[in-house]
Amino acid sequence: MKLYAFHAGGERADMATFDPFDPQVGTPIDIPYFFYLIRHERGNVLFDTGAHPSLATDPRERLGEEAENWEIVMSPEDGAEDRLASAGVAASDITHVVQSHLHYDHAGGLCFFTHAPVYVQQTELSFAYAPPVYQEGLYLKADFDLPDIRWKELDGEHDIFGDGRLVLIPTPGHCAGHQSLIVRLESHTVILLADAAYLVEKLRARALPAGPLVWSPDHMVASWEKIEQLERELGAELLATHDLKFRQRVRMAPEQFYE
Ligand SMILES: [Zn+2]
């Protein structure tokens, strides 16, 4: 089994996004967008699908007024289909799609993978259709309200191939139906957190992100406790999607990240 990481654009923001009490509030940060490919002997599993490539050229068209709140830094090649192609993988090679959650920076590429089942927590799908007012701008119906998507709605933990190597775990907090993925490789175990935490250091410090990015602080902290327990039990490495130090930590596709 092999794990590949794809950097697919990002956005410029302020440190306050990640922690309104951080001493570096007022400092601009470049937040990367990532998605991942896991090649398992029984299929090619995509974990998240990045942002829609049209955000590179006309963010207002898709995001509406919300575009004013986010300075998106993407090129038109940062869509999931093109990023995969750059590593020699066709969209049609993907056999399973997992969505950690359905915010626009994670679910914008769903339209390229309507041939594959899409694993999402049922709670997240309902939440995406009727989000609280402070997260309305983060859910774009254009991303996920597509008639031909083959949803595989989950209610809790799910072992994708039944062999314990790719196990989805609910990690609510950022939004109601967020999930993370345990990836048990030959060499070691990684937990792809997605946005269960923006930065692992903030998880350690129990420092919550900016208000609108937290659906429930209590659920988020409970998810952090659970993640750290799994980290200890499995000797796992934690990897957050928007990690600012990704360049030091992650090798990009087409190089495999881990085996
Ligand atoms: Zn995100």
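Let us look at the structure shown here. (Residues numbered from 1 in each chain as written. Predicted model: local features only at pLDDT ≥ 70, side-chain atom pairs only at ≥ 80, totals over all residues. Heavy atoms only, no water.)

Here the focus is the coordination of the zinc ion. Each angle at a metal carrying four tetrahedral donors should ideally be 109.5 degrees, and each at a metal carrying six octahedral donors should ideally be 90 or 180 degrees. Donor atoms from the polypeptide that coordinate the zinc ion comprise Asp-105 (OD), His-106 (NE2), Asp-195 (OD) and His-242 (NE2), at 2.0 to 2.3 Å from the metal. Of note, the zinc ion draws all its donor residues from one chain, in the sequence arrangement D-H-x88-D-x46-H. Placement of the pair is Asp-105 in helix H3 (residues 104-107) and Asp-195 in the loop between strand S11 (189-194) and helix H6 (200-205), with a sequence separation of 90 residues. By the burial criterion, Asp-105 is buried, and Asp-195 matches it. (Donors = N, O, S within 2.8 Å, 3.2 Å for Na, K, Ca; no water. Helix = DSSP H or I, 4+ residues; strand = E, 2+ residues; numbered from the N terminus. Buried < 20%, exposed > 50% of the residue type's maximum accessible area, 1.4 Å probe, protein only.)

Let us now look at the environment of Asp-159. Secondary-structure assignment places Asp-159 in strand S8 (residues 158-159). In this structure, Asp-159 is in contact with Gly-164, Arg-165, Leu-166 and Val-167, ignoring residues within four places of it in sequence. Reaching out from Asp-159, the side chain makes a polar contact with the backbone nitrogen of Gly-162 at a distance of 3.0 Å. Polar side-chain contacts of Asp-159 include one of 2.8 Å to the backbone nitrogen of Gly-164. (Contact = heavy atoms within 4.5 Å. Polar contact = N/O pair within 3.5 Å; in protein donor to acceptor, adjacent residues only side chain to side chain.)

This next bit is on unusual backbone geometry. Positive phi is not limited to glycine here, since Asp-48 has a value of about 75 degrees. Along the polypeptide, Asp-48 turns up in the loop between strand S3 (43-47) and helix H1 (59-63). Among the residues examined, Asp-48 registers a relative accessible area of 0% and is labelled buried. Positive phi outside glycine occurs at Arg-206, with the angle close to 55 degrees. Within the element layout of this structure, Arg-206 appears in the loop between H6 and helix H7 (217-234). Residue classification places Arg-206 among the partly exposed positions, given a relative accessible area of 27%.

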